[in-house]
Amino acid sequence: MGSVEAKLNLKLHTGDTSITPLCDARTVSDADLVSGSIILNSGQRRESWTVKPNPEHRWYFKYRQQPDEVTLIKYFDSDSSPGMARRAPHCAVEDPDAREEEWRESAEVRCLVFW
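In this report, we go over the structure that sits alongside the text.

Criteria and thresholds
Residues numbered from 1 in each chain as written. Predicted model: local features only at pLDDT ≥ 70, side-chain atom pairs only at ≥ 80, totals over all residues. Heavy atoms only, no water. Helix = DSSP H or I, 4+ residues; strand = E, 2+ residues; numbered from the N terminus. Buried < 20%, exposed > 50% of the residue type's maximum accessible area, 1.4 Å probe, protein only. Contact = heavy atoms within 4.5 Å. Areas by Shrake-Rupley, 256 points an atom, 1.4 Å probe, with all protein chains shown as cover. Lys, Arg positive; Asp, Glu negative; His and termini not counted. Charge placed at Lys NZ, Arg CZ, Asp CG, Glu CD. Phe/Tyr/Trp six-rings, centres within 6.5 Å; stacked < 30°, edge-to-face > 60°. Lys NZ or Arg CZ within 6 Å of the ring centre and 35° of its normal. Pairing = 2+ DSSP bridges. Salt bridge = Lys/Arg side-chain N within 4 Å of Asp/Glu carboxyl O. Polar contact = N/O pair within 3.5 Å; in protein donor to acceptor, adjacent residues only side chain to side chain.

1. Brief notes about the overall build of the protein
Item 1. Across its full length, the protein holds zero helices and seven strands.
Item 2. Overall, the protein shows an N-to-C arrangement of helices and strands of β-β-β-β-β-β-β.
Item 3. Taken along the three principal axes of its C-alpha coordinates, the protein extends 50 × 35 × 30 Å.
Item 4. For the protein, buried positions account for 26% of its 115 residues.
Item 5. Taking all contacts inside the protein whose residues are at least 6 apart in sequence as the whole, residues at least 24 apart take part in 74%.
Item 6. Working note: accessible area of the protein is about 8,300 Å², and carbon and sulfur atoms make up 53% of it.
Item 7. In the protein, 15 side chains carry a positive charge and 19 a negative one; their mean positions are 7 Å apart.

Structure representation (structure tokens):
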């Protein structure tokens, strides 16, 4: 068996006005994914996935994550075994109840793991 690669994102919020939507990986098919580009201020281009809307998607929301809480998100797994969660789409949304509060701050640590 060859090496397996996964990419993980550890998300830490330092404020309490955040909502982190996470999609259940089991509800996102490869056909729902569209390749997209992110162009940074420096002009560099990064590739990412855009997720097409699908009523089968099941979204979960982490509200007001506290500074002592961490969200672990797997955003890539090279293991394509049946039933393997290969990615968990996530995004940012605005909380209409927190518009008058200070903007949230967050830190992310991205990890490449091999086994």
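2. Looking at the packing of aromatic side chains
Item 1. Under the definition given, this model contains zero aromatic pairs.
Item 2. When the ring centre of Phe76 is taken as origin, the NZ or CZ atom of Lys7, which lies over that ring, is 5.4 Å away.
Item 3. Of note, Arg110 hangs over the ring of Tyr75, and the distance from its end group to the ring centre comes to 5.1 Å.

3. Things to note about the pairing of strand 3 (residues 33-39)
Item 1. In terms of strand pairing, strand 3 meets strand 4 (residues 45-51) through seven bridges, oriented antiparallel. Across the sheet, residue Ile39 finds its bridge partner in strand 4, namely Arg45.
Item 2. Between strand 3 and the antiparallel strand that follows it, strand 4, lie five residues; Gly43 among them carries a positive phi value of about 95°.

4. Focus: the pattern of salt bridges
Item 1. Under the definition given, this model contains five salt bridges.
Item 2. Asp30 is paired through a salt bridge with Arg87; the nearest N and O atoms lie 3.1 Å apart. With Asp30 in the loop between strand 2 (19-23) and strand 3 and Arg87 in the loop between strand 6 (70-77) and strand 7 (106-114), this pair connects stretches of sequence that are 57 residues apart.
Item 3. You can call Asp30 exposed: its relative accessible area is 52%.
Item 4. Across the salt bridge formed by Lys62 and Glu69, the nearest N and O atoms sit 3.4 Å from each other.

5. Section: the environment of Ala92
Item 1. Relative to the elements of secondary structure, Ala92 occurs in the loop between strand 6 and strand 7.
Item 2. Given the relative accessible area of 55%, Ala92 is considered exposed.
Item 3. Considered as a pair, Ala92 and Ser29 are 63 residues apart in the sequence and their alpha carbons are 21 Å apart.

6. Quick word on the environment of Ser42
Item 1. Checked against the element boundaries, Ser42 lands in the loop between strand 3 and strand 4.
Item 2. Note on Ser42: relative accessible area 58%, which makes it exposed.
Item 3. Note: C-alpha distance between Ser42 and Val109 (67 residues apart in sequence) is 21 Å.
Item 4. A polar contact is formed between the side chain of Ser42 and the backbone nitrogen of Gln44, at a distance of 3.4 Å.

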